[in-house]
Each structure stands twice: as structure tokens, then as C-alpha cells.
Amino acid sequence: DVTVANLVDRHAATRPGDPALVTLTDRLSWAGYRHSADRLASALIGAGIEPGDRVAVFLPDGGSVHVAFLANEKAGAVTVGIGARAGEQEVRHLLRRTGAVALITLDRHRGAATGELVGQLRAEGIDLRWHIVVPVFEADLSAPILVDGVEVPADADIDPGLFAERRLGSDDLFMINSTSGTTGLPKCVMHTQNSKLYMAQQACEAGQLGDDEVLLGLAPVPFGFGLFTTHFVTALIGAPTVVVDRFSPESALELIEREGVTVLVCVSTQFKMMLNSPDVDKRDVSSLRVMFTGGEMIPYESARSFEERTGSLVL
């Protein structure tokens, strides 16, 4: 009977200054995470988003994508999760298939202006009523949010009571994301929060995770593996999530050392690249205790080698 919003509210009240989301250059506290989500949820409601509306999120891995998921939950909107590497054909398909009425982006995505993309989509008949441009919240809590080019003041009134009437419950549809499958365009998948919280609880039990963990999430959201770990596990135990918008083995090893990462979430290609990097013997990764990996058959010798080189348990 709890949701990520409930959990973030709790951590913001009990450990407001502790880090919730960490990147290579910035960090967002639990209080900042809640405040940013409240700002964005208020902007969505003010724009005219209704409970149950589908709001697509097309953001790179970082703090802002998690803020957007949380804001949609508080506003009562269903998130349509679009992977940051999706091409225009995939974006069109997912928006049409889900009936999304709004799209949340940065002002630029992979070097291109997102306003131009939205204009093109609208010209093709896709009924995107709103384009919401968000800042990198972890870099600047007060940076403007734009709704169709109009700035929402950073000091705009926020009424938490309004969220209480609209926010999603744990058994409500909260996200429609996609899986590539083996043929054709992406298949849409529906999720409740309880489906992901159950997986998060299983991960906590299997890894014997406590509230002193630091998790590095290299599996991308909004896809299932990255979603239940970086968005749900860390909210469940109140641990910081370290996220990167572009993977390299060197930056991952740097973050493990710098942040004292205890839990690593990655696909097998990523941990094999880390094993093959010269930095694996230069960085202190002794804090690492558990690695969750999956998505394909895991080569036994590679997993064994990772355990021996890092001292962590591969699950």
C-alpha cells in the first residue's frame, strides 16, 4: 500500500540532505528530489493534465528522468517510458500506441532540439497537446520548467493537498514502457508499482541489502531491469542511486571508487567491459559487495572472474 512518492516523502522528511541521485558532476538530495517532483507535478496539473492521461518521458539516464516518473505519479498521470536511444520511428509508434497527450524532454536530446521533433510529430497528426521541457534538476533546483515554451515560475505555489487527491496508488497502472522483443516495433508493457516493488523486495532479500548501500545503476530506465533497481530498490531502502547518461567502463569504475558503491546493476556486456579495462586494477573497488546482472545468459567464467577480481557476489 505504499508507492515511490510515499517513500521519497518519508526520506525527504527524515534525511533531507542525504543524496538520493548522484551523477558524475552533480547530486540531488532527498529533499531536492521531492521538491523537484512537486514543482513538475504542479506544472503538469497547471497545464491541464488530467488523472489517467498518458504523459511520455523521453529523457536520458540521470536525476531528471526519476523526477519525471515521480512527478507523473503525484499528478496522477501514467508514464509512457521511452528509452533515451529510441529512434524517431520508435517514438512515433509509442506515442500513437499509448495515446500520449504530453511529452517531457530536455531542451535538446542527443544534440537535436526537441522542439523541432515535437513540431514534426504534431505536423504528422500525433495529438501531443503539451511539450514540457525540464532542466537537469540535479544541476539546478530552481532552473525553469517550460510548458509549450512558457516558463513556469520556480516559486510557483505548490499545493501538496492537490496531489493527495490525484496521485496514483500502488495497484494503479503507473507506467507503459516497451520491450524490443525479437521482431518489428517495440511491444508495450503495462506496470503497476506493486509489480516493481515486489521485484525490488526480492532483490533486497537476495542481496541482503540494508539502508547503508550505495547503488550504481548502469541498466537504463525505463526498461524493467533498470526501473525496478534504480527507481524502486533505492526508494525502498533509502539509498543513493548513482546514474550515468552514457556508459563507459572507466567512468563506472571511477564512480565505484569515488562514491563507495556497494551494489552494481548492469548487463553482462558492461561488467565484461569493466573486467577488460586497465582501470579495474587501478581503482579501489573493495566497497563493492553485490552485482545484479541479467538480460541474457551470463558466461560462468566471466562472472567468476568478476567475483575474484572485485570480491563481490554476482547475482
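Structure shown above.
The text that follows walks through the structure, step by step, so that each part is easy to find. On a predicted model such as this, the values are computed, not experimentally measured, just so you know. Residue numbers restart at each chain and count upward from 1, following the sequence in its written direction. Where local features are concerned, this predicted model is filtered to residues with pLDDT of at least 70; where side-chain atom pairs are given and counted, the filter is 80 or more; whole-chain, interface and lining totals use all residues. Heavy atoms throughout the structure, all of them, feed into the side-chain values; hydrogens and water do not.

## Quick notes on the sheet that holds strand β16 (residues 290-294)
Consideration 1: Two strands are counted as paired when DSSP detects at least two bridges linking them. In DSSP terms, a helix is any run of H or I states spanning at least four residues, a strand is any run of E spanning at least two, and both are numbered starting from the N terminus. One open sheet holds the seven strands; their spatial order is β2-β1-β14-β13-β15-β16-β17, and the pairing between them is mixed. Each edge of the open sheet is held by one strand with a lone partner, namely β2 (27-29) and β17 (313-314).

## Some remarks on the nonpolar core
Consideration 1: In terms of nonpolar packing, the biggest core is built from 62 residues, with Tyr 33, Leu 40, Ile 104, Ile 132 and Val 233 touching the most fellow members.
Consideration 2: For this core, the element with the most residues is helix α2 (residues 30-47), which contributes eight residues.
Consideration 3: Here Ile 104 is in contact with Leu 40, Leu 44, Val 55, Ala 56, Val 57, Phe 58, Leu 59, Ala 68, Asn 72, Ile 132 and Val 134, once residues within four sequence places are set aside. We call a set of buried Ala, Val, Leu, Ile, Met, Phe, Trp, Tyr and Cys residues a nonpolar core when their side-chain atoms join them within 4.5 Å. Between buried and exposed lies partly exposed: a residue is buried under 20% and exposed over 50% of the maximum accessible area for its type, with that area taken using a 1.4 Å probe on protein chains only. By definition in these notes, contact holds between two residues if any of their heavy atoms fall within 4.5 Å.

## Let's talk about the packing of helix α1 (residues 4-14) against helix α3 (residues 63-75)
Consideration 1: Throughout, an axis means a line fitted to C-alpha atoms (over the contacting stretch in the case of helices), and angles, computed between N-to-C directions, take values from 0 to 180 degrees. Contact geometry of α1 with α3 gives a least axis separation of 9 Å together with a crossing angle of 110 degrees. Judged on the interaxial angle alone, α3 and α1 are roughly perpendicular. Classified by chirality, the crossing of α3 by α1 is left-handed. Counting all contacts with α1, which are made through Val 4, Ala 5, Val 8 and Asp 9, the residues of α3 involved are Leu 70, Glu 73 and Lys 74.
Consideration 2: Note that Gly is not counted as nonpolar here; it falls among the polar residues with everything else outside the nonpolar set of Ala, Val, Leu, Ile, Met, Phe, Trp, Tyr, Cys and Pro and the charged set of Asp, Glu, Lys and Arg. Grouping the amino acids of the contact of α1 with α3 by side-chain chemistry returns four nonpolar, no polar and three charged. Oblique is the label for every angle not falling under 35 degrees (roughly parallel), over 145 degrees (roughly antiparallel), or within 65 to 115 degrees (roughly perpendicular). When the near helix sits turned anticlockwise from the far one by under a right angle, the crossing is termed left-handed; a clockwise turn instead gives a right-handed crossing.

## Notes on the pairing of strand β8 (residues 130-133)
Consideration 1: Burial along β8 is two-sided: Trp 130 and Ile 132 and His 131 and Val 133, pointing in opposite directions, are all buried.
Consideration 2: Bridge analysis of strand β5 (residues 102-105) against β8 gives four bridges, and the strand direction is parallel. Following the sheet pairing, Leu 103 is matched in β8 by His 131.
Consideration 3: Bridging between β8 and strand β9 (residues 145-147) involves two bridges; their strand directions are antiparallel. Of the residues in β9, the one forming a bridge with Ile 132 is Val 147.

## A short note on the sheet that holds strand β10 (residues 150-152)
Consideration 1: Strand order in this open sheet of eight strands is β10-β9-β8-β5-β3-β4-β11-β12, and the pairing throughout is mixed. Edge positions in the sheet fall to β10 and β12 (187-192), since each has one partner strand and no second. For this sheet, the mean inter-axis angle between neighbouring strands, taken without regard to orientation, is 25 degrees.
Consideration 2: Taken together, the two bridges between strand β4 (residues 78-81) and strand β11 (residues 173-179) define a ladder with parallel strand orientation. Bridge assignment links Thr 79 to a residue of β11, and that residue is Met 175.
Consideration 3: Along the sheet face, α2 touches β5, β8, β9 and β10 and points at about 15 degrees away from the line of β9.

## Re the environment of Asp 9
Consideration 1: Within the secondary structure, Asp 9 sits in helix α1.
Consideration 2: As for Asp 9 and Asp 279, which are separated by 270 residues in sequence, their C-alpha atoms are 38 Å apart.
Consideration 3: Leaving out residues up to four positions away in the same chain, Asp 9 has contacts with Arg 34, Lys 74 and Arg 167.

## Brief notes about the packing of aromatic side chains
Consideration 1: Classification of ring pairs uses Phe, Tyr and Trp, with its six-membered ring standing for Trp, and accepts pairs whose centres are within 6.5 Å; under 30 degrees between planes counts as stacked, over 60 as edge-to-face, and the remaining range as tilted. Under the defined criterion, the tally for this structure stands at four aromatic pairs.
Consideration 2: With a centroid separation of 6.0 Å and an interplanar angle of 35 degrees, the aromatic rings of Trp 30 and Tyr 33 are classed as tilted. Here the residue Trp 30 and the residue Tyr 33 both occupy positions in helix α2, the gap between them amounting to three residues, near one helical turn.
Consideration 3: Classification of Trp 30 as buried rests on a relative accessible area of 1%.

## Some details on helix α4 (residues 88-98)
Consideration 1: Along α4, the positions that sit buried rather than exposed are Val 91, Arg 92, Leu 94, Leu 95 and Thr 98.
Consideration 2: At its buried positions, α4 is contacted by β3 (54-57), β4, β5, α5 (114-123), β11 and β12.
Consideration 3: Two residues or fewer past α4, Gly 99 is found with a positive phi of approximately 70 degrees.

## A word on empty space enclosed by the protein
Consideration 1: The definitions used throughout rest on a 1 Å grid laid over the protein atoms alone, on which a cavity is an enclosed set of points accommodating a 1.4 Å probe that cannot get out and a pocket is an open set flanked by protein within 12 Å on both sides along at least five of seven lines; lining residues are those having an atom within 4 Å of a point. Grid points are joined across faces, edges and corners, and a volume is the space filled by probe spheres set on the points. Taken as a whole, this structure holds one cavity of 30 Å³ or more when the rule is applied.
Consideration 2: One number sums up the size of the largest cavity: a volume of about 50 Å³.
Consideration 3: Around the largest cavity sit Val 8, Ala 20, Leu 21, Trp 30, Tyr 33, His 66, Thr 230, His 231, Thr 234, Ala 235, Ala 239 and Thr 241, which together line it.
Consideration 4: Broken down by secondary-structure element, the contributors of at least two residues to the lining of the largest cavity are β1 (19-22), α2 and α8 (224-237).
Consideration 5: The element that contributes the greatest number of residues to the lining of the largest cavity is α8, accounting for four residues.

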